[in-house]
Amino acid sequence: MLKRAGAWLAARPLVRAFLWGMASALGLPPVHLLPVLLFSIPAFIRLIGAAKSWKQVALTGWLFGFGLGLAGLYWITEPILTELATFWWLVPFAAPLLAAAVAFYSIIPALAARAVKPGFGRLLVFAGAWSAANLVQQFAFSGFPWNLWGTDWTIPGTVGDVLIQPAALMGVQGMTLLTVLLAGLPMFGRRGLAVLVAVLLVWAGYGWHRLQTPVTGTNVTLALVQPDFPVPGSYDRAALLARWQQLLAMSQAGLSNGATAVVWPEAASPWLLDSDAVARQELAAVTGTAPVLAGSLRRVSATDFRNSLVVTDGPLPAVAIYDKWKLVPFGEYTPKWIPLKIIPDMLGGGFTPGPGPKTLHIPGLPPVGPLICYEAIFSGQIVDEHDRPDWLVNVTDDAWFGNSAGPRQHFADARLRAVEEGLPLARDANSGITAMFNAFGHVEAYLPLNSQGVLVTSLPGKLPPPLFARVGLVIPAMLAFMATVSGVLISILT
């Protein structure tokens, strides 16, 4: 029977492309089965070379990307399940449609690799084009840089701490390029495997050496509140009052345990703290003048609503405000490039985006760079380059995605942002995973997924800006360009 199944697959290269794409998703968080890339990427490149036409090359690329996206983004269906009575019809389509859209980026490296002859040059071109396609994915159609193979290295514990340090040099996009190159080396026999081992040793050696860098701490202690509110939850006044009282009690508990500032997750406040003086007075009665960085919606006008971080330190107006600028398509707004209102806008017209990355200067705290929800996945786009912060705070509500890979992948992305910027990052999630990362991406303390609690933790110190923080996405863009050009030259000259 296995022999018959093997023969059936051997005769269907397009099916194999799809299956290898799905298999490659096993390298992503939270599975981290990186060795699967040693098989899936060489198999994909061979399928590209064996395709009988350019059309089949493109279809092979798309099917591989579709398999990767379907397995890596299955969790996108979870929010629909919270409103099943209304959106039941979307359940079979949500993940496949998103995966189908993202899969078009995989056509770029497939076509590029086929344009050169087999050999090491083809691998270089493929790796460079794959990384370039990931960069396009970060910016095109509002951007969605998810399922990047560079995140595969965010293995929990010391091993992951060591292996994610190259992100300080080249960012997750550069790590993705290097990952593709390494995974393709087994195609070249013993020499390829020897180079693979040598590079991994250098990689690990650099990571271990970097982790020995001393860092001075701070005198700030944060209370990261993880209330584990249900989603979507009830919006009647009794439920909102109960939610408010829970936030106040948890904040008081954090301050009683030595915290000097409190953080609430995304949109946690049931009241509009920016404009609600009564709510600020009630909050101040509990927290005094301690800074509270509260996820809260904000109304600027009758048609201008924002997803914000509102900072208070008493009953007076907010001392700082940050408005989310990377909004979630179809969840917080409908993109203008969508001709039809397929999914209704929130609040009648969607949220208004903020102006971009911003550093907040809060009395009693070091300058902080806020990130709301999936803004943390945008490598190289998270800090104000003209007013660099000393630490980062990421507030989010991953409860919408249940006990799936989604919250864990989001957590891994935030960990890499700490390494790239050389800054500690406090992550406060409604249902978890709440954590404190130091500037090396090491998890200093955390609260697990789907639990309730207050994480009282010291804020670690910052590092000098690493290379990636200083230069940014130019580095992976140049690496992608150099790999592609080198591959073309090697292919021509050999």
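Here's what I pulled together on the structure shown here. Nothing here was measured: the structure is a model prediction, and the numbers come from that model.

1. A short note on the packing of helix α4 (residues 54-72) against helix α8 (residues 107-114)
Item 1. For the pair α4 and α8, the least separation of the axes is 7 Å and the interaxial angle reads 140°. Classed by the angle they form, the pair α4 and α8 counts as oblique. The interaxial crossing formed by α4 with α8 has right-handed handedness. Across the interface between the two elements, Trp54, Val57, Ala58, Gly61 and Trp62 from α4 touch Ile107, Ala110, Leu111 and Arg114 from α8.

2. As for the nonpolar core
Note on soluble globular proteins: their nonpolar side chains tend to be buried together.
Item 1. In terms of nonpolar packing, the biggest core is built from 44 residues, with Ile41, Phe126, Trp130 and Trp149 touching the most fellow members.
Item 2. Mapped by element, the contributors of at least two residues to this core are α3 (37-50), α4, α8, α9 (120-139), α11 (167-184), α12 (189-210), α15 (405-421) and α17 (474-493).
Item 3. Element by element, the count of residues in this core is highest for α11, at 10 residues.
Item 4. Core analysis: the second largest hydrophobic core is formed by 37 residues, Phe144, Trp391, Val393 and Leu447 among them.

3. Concerning the sheet that holds strand β7 (residues 391-396)
Item 1. A sheet is described by the order of its strands in space; here 5 strands give the open sequence β6-β7-β8-β9-β10, paired in mixed fashion. Strands at the two margins of the open sheet, each flanked by one partner only, are β6 (368-372) and β10 (443-447). Ignoring strand direction, the axes of neighbouring strands in this sheet form an average angle of 10°.
Item 2. One ladder, built from 5 bridges, connects β6 with β7; its direction is parallel. Paired with Leu371 across the two strands is Asn394, which belongs to β7.
Item 3. Contacting β7, β8 (425-429), β9 (434-437) and β10, α15 runs over the sheet at an angle of about 160° to β8.

4. Let's talk about the sheet that holds strand β1 (residues 221-226)
Item 1. Spatially, β5-β4-β3-β2-β1-β11 is the arrangement adopted by the 6 strands of the open sheet, whose pairing is mixed. Taken across any chain shown, the strands that pair with only one partner, and hence form the sheet edges, are β5 (320-323) and β11 (453-458). On average, each strand axis in the sheet is tilted by 35° relative to the strand beside it, whichever way the strands run.
Item 2. Helix-sheet contacts for helix α13 (residues 237-256) involve β1, β2 (261-263) and β11, and the interaxial angle to β1 is about 150°.

5. Notes on the packing of aromatic side chains
Item 1. Applying the stated rule across the entire model yields 19 aromatic pairs.
Item 2. Seen from their ring centres, Trp244 and Trp264 are 5.8 Å apart, and the 90° between their planes marks the pair as edge-to-face. A residue pair is termed long-range when its members are at least 10 positions apart, and Trp244 in helix α13 and Trp264 in the loop between β2 and α14 (277-287) qualify at 20 residues. In this structure, Trp244 and Trp264 share a single accessibility class: buried.
Item 3. Taken together, the ring pairs in this structure connect Phe44, Phe64, Phe126, Trp130 and Trp149 into an aromatic cluster.

Criteria and cut-off values
Residues numbered from 1 in each chain as written. Predicted model: local features only at pLDDT ≥ 70, side-chain atom pairs only at ≥ 80, totals over all residues. Heavy atoms only, no water. Axes fitted to C-alpha atoms, helices over the stretch in contact; angles between N-to-C directions. Helix = DSSP H or I, 4+ residues; strand = E, 2+ residues; numbered from the N terminus. Parallel < 35°, antiparallel > 145°, perpendicular 65-115°, else oblique. Left-handed = near helix turned anticlockwise from the far one by under 90°. Contact = heavy atoms within 4.5 Å. Core = buried A, V, L, I, M, F, W, Y, C linked by side-chain atoms within 4.5 Å. Buried < 20%, exposed > 50% of the residue type's maximum accessible area, 1.4 Å probe, protein only. Pairing = 2+ DSSP bridges. Phe/Tyr/Trp six-rings, centres within 6.5 Å; stacked < 30°, edge-to-face > 60°.

Keep in mind these numbers describe shape, not what the thing actually does.
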